[in-house]
Amino acid sequence: MSTPNSRLTEAAYQCLPGGPLDVNKAFYDQVAATADDGSRTLVERFVLPIRSGKAWEVPKGAVCRIVAVEGAQVGDLNIFSLANPQERLWAARTRQLQRAHVSVYDRLWSNLPYLRPLVTITGDSLRDYGRDTEGGRVHDLLGTRCDPYVNRMLTGEDFDYHCHSNLTRAILPWGLTEDMVHDVLNVFQSTGLNDKDQYFMKTCPAKKGDYFEFFAETDLLCALSTCPGGDLSKAMWGEGATAPDSEDPTLECCRPLGVEVWRLPDGWLDREGCKEPQPNGGLYKGNHGLKGTEWADRV
């Protein structure tokens with residue numbers, strides 16, 4: 001019988017001092033502090049209605065804040081490189097490099113062959129939520145967006161305002177298509193794995209005024225959907241999902257979300273030596289084994 005190795009149950013991808021996963025916390029604390037000292041400037045602000053989607057640009061070095069303007073509401077977030085939308089949020093690798101539920105100092109990473117942080121989280125009014133009594137945590141990367149295809153499969157009905165559809169409509173003005181919609185960050189969503197190792201979603205804990213904020217490491221196109229399940233206090237599928245006296249039981253759970261884009265003080269980023277992260281994929285000089293393996297004769 002092998003001896004248990006405690007290292008194997010620690011983080012598989014280690015954040016070591018000075019390593020590629022290390023974060024300059026002091027710098028991002030200063031970014032966050034500009035919200036309190038009044039030195040940042042509002043560039044854009046809008047409110048996203050219920051069951052809708054919208055895309056917007058966030059310049060490199062700006063801060064974007066998502067706000068629960070009326071109370072609990074889940075938002076499904078997509079993030080693209082503005083210059084090259086083929087580079088976009090990679091939820092699975094972010095789960096591995098950071099964690100399954102993200103908060104301050106965590107970074108959201110891009111897909112292959114790019115692999116770099118697109119944003120760094122600088123503010124989260126729910127950062128102390130932790131793990132609740134039912135095992136739920138907030139700002140979820142475990143799950144993904146709701147979509148009309150799984151809804152049709154489970155209910156036999158069509159519904160055009162799931163998050164996948166909302167995001168599809170949102171990115172169309174930028175010339176992007178449905179197949180560019182990707183796995184999301186579920187902002188304000190509380191999720192976990194139950195004792196059967198099955199994914200669960202529970203009531204969103206956000207209250208009016210709660211926010212989630214991130215720093216743009218490069219020029220971004222962001223897209224957000226206000227989930228049609230609202231605060232997810234009612235099941236959307238399966239037993240208990242349909243109230244006999246209502247054709248749309250989750251409608252009353254829906255609220256808008258606010259979005260703000262802020263510019264940091266002129267020259268501040270240069271003085272702090274802030275540089276755009278370069279794609280790590282460019283450092284790889286191999287060719288994916290196309291020249292054959294060195295150990296083929298050992299098989």
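Just above sits the structure.
Residues numbered from 1 in each chain as written. Predicted model: local features only at pLDDT ≥ 70, side-chain atom pairs only at ≥ 80, totals over all residues. Heavy atoms only, no water.

Engineer: I'd like a rundown of the nonpolar core, residues and numbers included.
Structural biologist: Trp 56, Leu 77 and Phe 188 are the most contacted members of the largest nonpolar core, which totals 41 residues. With twelve residues, the next largest nonpolar core counts Val 23, Phe 27, Tyr 28 and Val 31 among its residues. (Core = buried A, V, L, I, M, F, W, Y, C linked by side-chain atoms within 4.5 Å. Buried < 20%, exposed > 50% of the residue type's maximum accessible area, 1.4 Å probe, protein only.)

Engineer: Tell me about the state of the cysteines, and name the residues and values.
Structural biologist: Applying the stated criterion across every chain, the model contains zero disulfides. Cys 222 takes part in no disulfide bond, and the closest cysteine sulfur, belonging to Cys 64, lies 5.4 Å away. Judged by its relative accessible area of 0%, Cys 222 falls in the buried class. (Disulfide = S-S within 2.5 Å.)

Engineer: An account of the environment of Asp 128 is needed here, citing residue identities and associated values.
Structural biologist: Take Asp 128: it is sitting in the loop between strand 6 (117-124) and strand 7 (137-140). Given the relative accessible area of 74%, Asp 128 is considered exposed. Along the chain, Asp 128 and Ala 83 lie 45 residues apart, while their C-alpha atoms are 35 Å from each other. (Helix = DSSP H or I, 4+ residues; strand = E, 2+ residues; numbered from the N terminus.)

Engineer: Give me a nonpolar patch on the surface: which residues, what numbers.
Structural biologist: Judged by side-chain polarity, Leu 142, Leu 193, Tyr 199 and Met 201 come together as a nonpolar surface patch covering roughly 330 Å² of accessible area. Positionally, Met 201 belongs in strand 9 (residues 199-202). Accessibility expressed as a relative area gives 39% for Met 201, which makes it partly exposed. (Patch = residues over 30% accessible without salt bridge, like charges linked within 9 Å, V, L, I, M, F, W, Y side chains within 5 Å. Areas by Shrake-Rupley, 256 points an atom, 1.4 Å probe, with all protein chains shown as cover. Salt bridge = Lys/Arg side-chain N within 4 Å of Asp/Glu carboxyl O.)

Engineer: Account for the sheet that holds strand 5 (residues 107-109), with residues named and values stated.
Structural biologist: Strands sit in the order 1-12-3-10-6-5 across an open sheet of six strands; the sheet is antiparallel. Each edge of the sheet is formed by a strand with only one pairing partner; in this case those strands are strand 1 (41-48) and strand 5. Neighbour to neighbour, the strand axes of the sheet diverge by 20 degrees on average, direction disregarded. Sheet topology places strand 3 (residues 63-67) next to strand 10 (residues 211-216); five bridges connect them, and they run antiparallel. From the neighbouring strand, Val 67 faces strand 10, where its bridge partner is Tyr 211. (Pairing = 2+ DSSP bridges. Axes fitted to C-alpha atoms, helices over the stretch in contact; angles between N-to-C directions.)

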